[in-house]
Amino acid sequence: MAAIWIDIDLDAVAANYREVTSLIRPAARCMAVVKADAYGLGAVEVARTLAAEGCEAFAVTTVEEGLNLRRHGLEGLILVLGPTLPQEWRKAIEGGLQLSLADRQSISRLDELCRQEGLKAAVHLKLETGMGRTGMRPEELPEVAELLLKASHLEVAGVYTHFARAAQRDHSYTRGQYEKFRDGVAALERYGIKSQWKHVCNSAAFLDYPEYHHDFVRIGTLLIGHMPGPGFGRQLTLKDPWAAKAKVLYVHRVPKGTYVGYQSIYKTKTETTLAVIGAGYADGFGVVPHFVPQGLWDLLKIFVKNTAALFGVTLGTEKIKVHGQTVPVAGKIGMQLTVLDLGQLESLPGDEVEIPLRRTLANPRLLRQYWRQGRIYAKRTLTEEGVLEVQAE
Ligand SMILES: *Cc1c(COP(=O)(O)O)cnc(C)c1O
């Protein structure tokens, strides 16, 4: 019996896919982005669910992620979005993955490798238009085209770029990036490089710019049930497939003035009931990504929160659902144990509570239970060899 686990509703993932595809322009298809273990849900199970819904294209960040999908029988197009190292290329191509090429040197190196090994590689050219991460810059394109014309073992399957500010709805920046992309594609075509597909949209751009859908839209966030940011609300109805649960392991009634947890930062204000659950920061619980303030208001909020914490007042702590009611965490979250202040609420050891666990920060070793039609159909656990294993129920 696990003290903490995650329930994942694959019917919700399938429903989100249908919502997304209902908004795609007829000429375009959905490339499901299942990187980072499908944002924590489980890449193999999510990809299988989407494939059953008719999805034929997937994207990941690394070669390893792509090969993992192949090992589990996923067919169709698998694009590796991230930069890759030459030593990974052969197994990527043999595994039928498509690679992103983002610099000039890789073109001739990859072509040379394919020539030696008797392989042919389908590649996607990544254009740098304002993300500042990877990609070919406009001034490189004449040489890129020249190299590609000579590269007889490479086939340009796609040309793409990635938006930096689509989720912030910075339209002028996003349109500027798009214009650079369009100009880049036109330049490549002038030099004789025509690609099969073009794709630029992530979830946010997909919603805001139907005119940019082209051949594929690369969707991650929406499929796992999140909106890419505030203000995208009304366009589609998403279901949340994710629920992290923990068990109450211990309950005790304590008097007013009881200190709770490390550093005694929490002191009960009345007689109350405390419950200990089997979840902590080793599971990813209470771990938050580094937060960069967006403007003065955010900065002020961080300042107020930190100042309050200095005086022993914790604002905006994690809220836990016990029997449908929300209760606060008492004190600091521990490595694997966390205390809840139940007040007058009653609970017994063995009860289930729902905890806010961020998908991408949830420890991958946690048990994941996959649900379909109201029943658990598979479970994923970590074996002793450290391999994630899915077992049908
Ligand atoms: C992660 C990623 C996406 C998907 O973005 P979402 O906003 O999660 O839909 C698309 N394209 C690239 C290049 C990415 O890295």
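Residues numbered from 1 in each chain as written. Predicted model: local features only at pLDDT ≥ 70, side-chain atom pairs only at ≥ 80, totals over all residues. Heavy atoms only, no water.

**A word on the environment of Leu23**
Here comes step 1: Tracing the backbone shows Leu23 in helix α1 (residues 10–23).
Here comes step 2: The spatial distance from the C-alpha of Leu23 to the C-alpha of Leu357 is 30 Å, given a sequence separation of 334 residues.
Here comes step 3: Aside from chain neighbours lying at most four places away, what touches Leu23 is Phe206, Leu207, His213, Gln235 and Leu236. (Helix = DSSP H or I, 4+ residues; strand = E, 2+ residues; numbered from the N terminus. Contact = heavy atoms within 4.5 Å.)

**Here's the deal with helix α4 (residues 63–71)**
Here comes step 1: If you check which residues of α4 are buried, you get Val63, Gly66, Leu67 and Leu69. All buried residues of α4 lie within an arc of 155 degrees about the axis, which places them on one face of the element.
Here comes step 2: Elements in contact with the buried residues of α4: α3 (43–52), β3 (57–60), β4 (77–80), α5 (86–94) and β5 (98–101).
Here comes step 3: Gly73, located one to two residues past α4, shows a positive phi value of around 85 degrees. (Buried < 20%, exposed > 50% of the residue type's maximum accessible area, 1.4 Å probe, protein only. Arc of directions from axis to C-beta.)

**What about the pattern of salt bridges?**
Here comes step 1: Going through the model one piece at a time under the given rule, you end up with 19 salt bridges.
Here comes step 2: Here Asp283 ties to Arg365 by a salt bridge, and the two come within 3.3 Å at their closest N and O atoms. Residue Asp283 is located in the loop between β13 (272–277) and α10 (296–310), and its partner Arg365 is located in the loop between β17 (352–355) and β18 (367–372); the two are separated by 82 residues in the primary sequence.
Here comes step 3: Residue Asp283 is classed as buried on the basis of its relative accessible area of 3%.
Here comes step 4: Residues joined by salt bridges that share partners form a network here, namely Arg104, Arg137, Glu139, Glu140 and Glu143. (Salt bridge = Lys/Arg side-chain N within 4 Å of Asp/Glu carboxyl O.)

**Overview of the pairing of strand β9 (residues 216–219)**
Here comes step 1: Because side chains alternate across β9, one face comprises the buried residues Phe216 and Arg218, and the other comprises Val217 and Ile219, equally buried.
Here comes step 2: Direction of pairing for strand β2 (residues 29–33) relative to β9: parallel, over a ladder of 4 bridges. What sits directly across from Arg29, in β9, is Phe216.
Here comes step 3: In this structure, strand β8 (residues 197–201) lies alongside β9, joined through 2 bridges in parallel fashion. Its bridge partner being in β9, His199 is matched across the sheet by Phe216.
Here comes step 4: At this point the chain moves from β8, through helix α9 (residues 203–208), to the parallel β9, and the crossover so formed is right-handed. (Pairing = 2+ DSSP bridges. Right-handed = clockwise from strand over helix to strand, strands pointing away.)

**Here's the deal with helix α7 (residues 141–150)**
Because each turn of an α-helix spans 3.6 residues, side chains separated by three or four positions end up pointing in the same direction.
Here comes step 1: Among all positions in α7, only Leu141, Val144, Ala145, Leu147 and Leu148 are buried. The buried residues of α7 occupy an angular sector of 165 degrees when the element is viewed end-on, so they sit on one face. Seen from the buried face of α7, the exposed residues on the opposite side, beyond 90 degrees, are Leu149 and Lys150.
Here comes step 2: Taken together, the buried residues of α7 touch α6 (104–117), β6 (121–126), β7 (154–160) and α8 (171–190).

**Some remarks on the sheet that holds β6**
Here comes step 1: In space, the 8 strands of this closed barrel follow the order β2-β3-β4-β5-β6-β7-β8-β9, with parallel pairing throughout. Sheet twist, expressed as the mean angle between neighbouring strand axes with direction ignored, is 30 degrees.
Here comes step 2: Sheet topology places β7 next to β8; 3 bridges connect them, and they run parallel. Bridge assignment links Tyr160 to a residue of β8, and that residue is His199. (Axes fitted to C-alpha atoms, helices over the stretch in contact; angles between N-to-C directions.)

**Re the packing of aromatic side chains**
Given two aromatic rings, one states the distance between the centres and the angle between the planes to describe the pair.
Here comes step 1: Scanning the model with the defined rule gives 5 aromatic pairs in all.
Here comes step 2: Ring geometry for Phe163 and Tyr212: centres 6.2 Å apart, planes at 35 degrees, overall tilted. Here the residue Phe163 occupies a position in the loop between β7 and α8, and Tyr212 occupies one in the loop between α9 and β9, the gap between them amounting to 49 residues.
Here comes step 3: Of the residues examined, Tyr212 reaches a relative accessible area of 6% and is grouped as buried. (Phe/Tyr/Trp six-rings, centres within 6.5 Å; stacked < 30°, edge-to-face > 60°.)

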